Amino acid sequence: MTLFTKTAITAVLSAGIIATAAFAESHSDKALEDAVKARHAQMQMISYHMGILGGIAKGETPYDSAMVDAAAQNMAALAGMAPASMWLEGSEQGFTEGSRAKTEIWSDAAGFEAQFEKLGAGALAMVGAADAAAVGAGMGAMGAACKACHEAYRGPKN
Amino acid sequence: MKRGIKILLACAVVAAGGAWVLTAPAPEPVLVAQGHTADPANGELIFTAAGCASCHAAPNSQDKTILAGGYAIESPFGTFYAPNISSGPEGIGGWSLPEFYNALRNGVSPYGQHYYPAFPYTAYSGMTELDIADLYAYMRSLPGDSTPLRAHDVGFPFNIRRGIGAWKLLYLKQDAVVSGELNAEMQRGRYLVENMSHCGECHTPRDALGGLDRDQWLKGAPNPSGKGQIPDITPAGLGWSESELVEYFTSGFTPDYDSVGGSMAAVVDNLAKLPASDREAIAAYLLALPAG
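What counts, and where the lines are drawn
- Residues numbered from 1 in each chain as written.
- Chains lettered and ligands numbered in written order.
- Predicted model: local features only at pLDDT ≥ 70, side-chain atom pairs only at ≥ 80, totals over all residues.
- Heavy atoms only, no water.
- UniProt positions renumbered as here; feature names shortened; annotations may be inferred.
- Helix = DSSP H or I, 4+ residues; strand = E, 2+ residues; numbered from the N terminus.
- Contact = heavy atoms within 4.5 Å.
- Pairing = 2+ DSSP bridges.
- Buried < 20%, exposed > 50% of the residue type's maximum accessible area, 1.4 Å probe, protein only.
- Lys, Arg positive; Asp, Glu negative; His and termini not counted.
- Salt bridge = Lys/Arg side-chain N within 4 Å of Asp/Glu carboxyl O.
- Domains from an automatic or database assignment.
- Buried area = accessible area lost by both parts, 1.4 Å probe.
- Polar contact = N/O pair within 3.5 Å; in protein donor to acceptor, adjacent residues only side chain to side chain.

## What about the UniProt feature "binding site: heme c" (unreviewed entry) in chain A?
Part 1: In the numbering used here, UniProt assigns the feature "binding site: heme c" (unreviewed entry) to A:Cys146, A:Cys149 and A:His150.
Part 2: Structurally, A:Cys146 is set in helix α6 (residues 132–153).
Part 3: Ignoring any residue separated from it by four or fewer positions in sequence, one finds A:Cys146 in contact with A:Met50, A:Leu119 and B:Ser259.
Part 4: Once you skip the residues sitting within four places of it in the chain, A:His150 turns out to touch B:Asp258, B:Ser259, B:Val260, B:Gly261 and B:Gly262.

Structure below.
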């Protein structure tokens, strides 16, 4: 192998490594970590409202139509948040601190977003639920979306 | 040849012969469930409680009764692929009941080969003969599928199946983990947890040889695929009440309205189909585990 060939190979390899590094750095670690925090806040809000509905469904708190409608509408809004600002590529489990996101979120983006749509549709259907039994029935559909999404797109606890 | 060397050689031959005998697949020559009329409805319950479809149904298939196999189980020893166990000839179609019994209880195939313990026969070894007979009847009533076997991706030395014989000497056929005087509900809970739902396979840590560390029973473990942690489900680790456990097994909601996910989602799908008394029995068993 000539010196020229060796130098050329080295140059190509180095350029490749630098390009890869630059790609990985295209979002700073802080931006990715902030996105994870924002998602956790979104999930916290979802479970908070699910808790209000669950308490009513189980009879732990009295039925209150205004509370049911507010919780359901907020759930629909949370499920409808546009994914682009929240689910930054690279903010996955094992790469970004605190994340439990699986890479399938990006490799199967349509499937992932479909689960949020199901949750949103379930929440809108909950608006106007007339009694605790109707709230419980509506929770079944929403819970199925939570479970299906967490089954396919969320990793185990860190 | 010196006399000492001759003796050493003789000892080595005897030891190797002994090891060969001890590690041989050991099916029990049994007449299983003689005179028992199989109850496929109980067989379906056993199938659900034992979580067979979670690994043996084709990945991403909505129909959990087509047991085509193919699900990948990642481990530090390699990747195992769940085989076809449908009622077709590629599955268990040609198996007799004693062969089926030996697969579940002894981890031995009808062809006299050791199964890798990715198939949780260390749990199933405690299944009763009648439940196995009912399960056999139910599974043979399910559809056949012609998906061929996919070879496991396991490197040396773990690809030597005879080594599993030695592994079994260490880890197969142990007593129940929870012992002592148990009431009927606790006995049922123990059967469901230790022998059916095989909770310990993920929730108990393993030693260097891949055997369960029973001193750390259900106290949580690293995820074998590398990322994250399988939770501690003893009372000290989880801190849930009986009704909270039963709610989780039914709807998948945790006490703070997070939801079940990952491979546990399929487990909850199964537990939700069991009678409520079985979910309560599992909760009673978990709550009786030693603290700390």
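## Some remarks on the sheet that holds strand β2 (residues 78–81) of chain B
Part 1: Pairing is antiparallel across the open sheet formed by 3 strands, whose spatial order is β1-β2-β3 (chain B). The open sheet is flanked by β1 (72–75) and β3 (153–154) of chain B, the only strands paired with a single partner.

## Focus: the side chain of B:Arg279
Residues and elements named next belong to chain B.
Part 1: Positionally, Arg279 belongs in helix α13 (residues 276–287).
Part 2: No salt bridge forms around the buried Arg279; measuring N to O, its nearest opposite-charge neighbour Glu280 is 7.1 Å away.
Part 3: Look past the residues within four positions of Arg279 in its chain and what remains in contact with it is Val246, Phe249, Thr250, Leu271, Ala272, Lys273 and Leu274.

## Overview of the domain arrangement of chain B
Residues and elements named next belong to chain B.
Part 1: Examined at the domain level, chain B breaks down into domain 1 (27–171) and domain 2 (184–287).
Part 2: Between domain 1 and domain 2, the C-alpha centre-to-centre distance is 21 Å.
Part 3: Across the contact, 24 residues belong to domain 1 and 24 residues belong to domain 2.
Part 4: Summing the contributions of domain 1 and of domain 2, the shared interface buries around 1,800 Å²; its carbon and sulfur component is 59%.
Part 5: Of all residues in domain 1, Thr48, Ala49 and Tyr171 bury the most surface against domain 2, accounting for 27% of the area lost on that side.
Part 6: Between domain 1 and domain 2 we count 0 salt bridges in total.
Part 7: Applying the counting criterion to the domain 1 and domain 2 interface returns 10 residue pairs in polar contact (both at pLDDT 80 or more).

## Side note on the UniProt feature "domain: Cytochrome c" (unreviewed entry) in chain B
Residue and element names in this part refer to chain B.
Part 1: Here, the residues flagged by UniProt with the feature "domain: Cytochrome c" (unreviewed entry) are residues 38–143 and 184–290.
Part 2: End C-alpha atoms of residues 38–143 are separated by 18 Å, and the span's content is 38% helix alongside 8% strand.
Part 3: Between the C-alpha atoms that bound residues 184–290 there is a distance of 19 Å. The span itself is 48% helix and 4% strand.

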